[in-house]
Each structure stands twice: as structure tokens, then as C-alpha cells.
Amino acid sequence: AQKVTQAQTEISVVEKEDVTLDCVYETRDTTYYLFWYKQPPSGELVFLIRRNSFDEQNEISGRYSWNFQKSTSSFNFTITASQVVDSAVYFCALSEAGGYQKVTFGTGTKLQVIP
Amino acid sequence: DAGITQSPRYKITETGRQVTLMCHQTWSHSYMFWYRQDLGHGLRLIYYSAAADITDKGEVPDGYVVSRSKTENFPLTLESATRSQTSVYFCASSGGSQGDQPQHFGDGTRLSIL
């Protein structure tokens, strides 16, 4: 069975600080996909990034970066120079490849950026 | 506009009543999903559907019924609502077939059962 753990329930940082959200996953599959979603206070869920299990290259998109390490089964998300608009709940998710698409979500990390 | 829409956005009902949450997507995505979101549990999958007339249980299916007679619609029915089903419900769709595509979510339905 697949599992996603986001051990950090809530994080508070002061604006402009860097912050890393941790995600640890478990799966027996060799082919799988990892995702991050953002849920701002308005409630909608927004897709941020996807990474497949064969691509361990880190990715940077503006102030956001993702560090995927298969050796530690982790897919961490770093926000550089955080802003108030980054305040949200962030979910990490895992999908195993196969005929039916089932995604397991972590319990989320609530990030509060204080001005 | 293309997208995925849920209705109603808010619903209050009483224990024992039947309630149906609607979900409609315009992308012609094969996969559709229903989740509930509760504090401390994140998102939990209730049911999913790989195509019209193909549905399967997720992690927490008890007390819920789904149908998918058309690709674009995926209603979720609580046959006899209980207070434990008070939650925020999200519908999602995905164009992938191998788990590789992200899910696109509706805005959610906040359901309160008194």
C-alpha cells in the first residue's frame, strides 16, 4: 500500500524567510508519480508540480523549488523569500502507475507567512 | 468555460435525509474522483471512476453511492446522511490513464448534517 507522510502540521515563518515543506512517501512500485498541490484560504486546490520516479532532477520555478531523492523517499518543497500570498495548506501526493489512477494524499502542511 | 464545477457550494441537511452532490467536467477526462476533506485527515478518496459506467471504491466509501452514466458527470449520493459525513467534498478529474497526470479539482461543497 502506498503512503504519504507530511510530518509538519503547521509552520509559521516571517515574510522573506525560506521554508521547506517535507514529504516522505512509501510505495512498492518502481514507477510512480509525485505531486504537490496548494490550497489557499479560499479553499480551491491548485496543482503545482509533478515528478516521475525516473527523474530525480531538482526543479526550480521562480521562488519554488523541489528536491526529489529516491534514496530517502522524499520529495521536499522549498519556498525562497516567502510572501504572505504563500500562506496556504500544501499537500503532497503519490500516484502509482497502472491501469487505474488512485492518488494518496498526505495530511497537508499549513504554512502561515507573517508580514 | 471549460473546467470542473460542483454544486451546490453549500448544503445543510438533516440526519437521515438523502443528499446528492453534483460534479460536472467539460474536459472529457476519463478519470473522476470524489474526496472528502476533514481536519487532521487531509484528502481521503471516497470513490473514483475510470470511465462511464466504471466506478470503484476508495478509502472511505461506506455510506456513499456514485454513478457515472455520462463521461462528464459524476454525482455523489449520501443515501441516509449521518453527522459524521459533515465535511468538505471535492470532485476532481484527470486526463491520464497511468497515474501520471495531475488532478483538477472543483471548488468543493461544504456539507453540514444536523
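Residues numbered from 1 in each chain as written. Chains lettered and ligands numbered in written order. Predicted model: local features only at pLDDT ≥ 70, side-chain atom pairs only at ≥ 80, totals over all residues. Heavy atoms only, no water.

### Regarding unusual backbone geometry
Residue and element names in this part refer to chain B. The omega torsion of the bond from S7 to P8 falls at -5°, within 30 degrees of zero and hence cis. Inspection of the secondary structure assignment puts P8 in the loop between strand 1 (4-7) and strand 2 (10-13). Of note, S28 is a non-glycine position whose phi angle comes to about 65°, a positive value. Of note, D53 is a non-glycine position whose phi angle comes to about 70°, a positive value. As for its position among the elements, D53 is in the loop between strand 5 (42-51) and strand 6 (54-57). Look at D53 and you get exposed, because its relative accessible area is 66%. (Helix = DSSP H or I, 4+ residues; strand = E, 2+ residues; numbered from the N terminus. Buried < 20%, exposed > 50% of the residue type's maximum accessible area, 1.4 Å probe, protein only.)

### Digging into the interface of chain B and chain A
Contact with chain B, which involves 25 residues of that partner, is made by 22 residues of chain A. A buried area of about 1900 Å², summed over both sides, lies between chain B and chain A, and 55% of it is on carbon and sulfur atoms. The tally of links between chain B and chain A comes to 0 salt bridges. At the junction of chain B with chain A, the criterion picks out 3 residue pairs in polar contact (both at pLDDT 80 or more). Listing elements by their share of the side of chain B that touches chain A, those giving two or more residues are strand 4 (31-38), strand 5, strand 6 and strand 9 (87-94) of chain B. (Contact = heavy atoms within 4.5 Å. Buried area = accessible area lost by both parts, 1.4 Å probe. Salt bridge = Lys/Arg side-chain N within 4 Å of Asp/Glu carboxyl O. Polar contact = N/O pair within 3.5 Å; in protein donor to acceptor, adjacent residues only side chain to side chain.)

### Focus on the state of the cysteines
Such a bond, covalent and formed between the sulfur atoms of two cysteines, is termed a disulfide. All names here are of chain A. According to the stated counting rule, one finds 2 disulfides over all chains in the structure shown. Each sulfur of the disulfide joining C23 and C92 lies 2.0 Å from the other. Here C23 and C92 share a disulfide; its torsion about the S-S bond, -65°, makes the bridge left-handed. Here C23 is found in the loop between strand 3 (19-21) and strand 4 (24-26), whereas its partner C92 is found in strand 10 (residues 88-96), with 69 residues between them in sequence. Per residue, the accessibility class of C23 equals that of C92, and both read buried. (Disulfide = S-S within 2.5 Å.)

### Points about the nonpolar core
Residue and element names in this part refer to chain A. Residues W36, F77, Y90 and L111 are the most contacted members of the largest nonpolar core, which totals 23 residues. Elements that contribute at least two residues to this core include exactly strand 2 (10-14), strand 3, strand 5 (32-39), strand 8 (64-69), strand 9 (74-79), strand 10 and strand 12 (109-114). Ranked by residue count, the leading element in this core is strand 10, at 4 residues. Residues contacting Y90, with those up to four places away along its chain left out, are Q6, L21, W36, Y37, K38, L48, Y64, F77, I79, G108, T109 and L111. (Core = buried A, V, L, I, M, F, W, Y, C linked by side-chain atoms within 4.5 Å.)

### With respect to the packing of aromatic side chains
The description of two aromatic rings rests on the distance between their centres and on the angle between their planes. Enumeration over the complete set of coordinates arrives at 22 aromatic pairs over all chains. Centroid distance W36 of chain A to F77 of chain A: 5.3 Å. Interplanar angle 50°. Geometry classified as tilted. Placement of the pair is W36 of chain A in strand 5 and F77 of chain A in strand 9, with a sequence separation of 41 residues. Each of the two residues, W36 of chain A as well as F77 of chain A, counts as buried. Aromatic pair F33 of chain B and Y35 of chain B: ring centres 6.2 Å apart, planes at 25°, arrangement stacked. (Phe/Tyr/Trp six-rings, centres within 6.5 Å; stacked < 30°, edge-to-face > 60°.)

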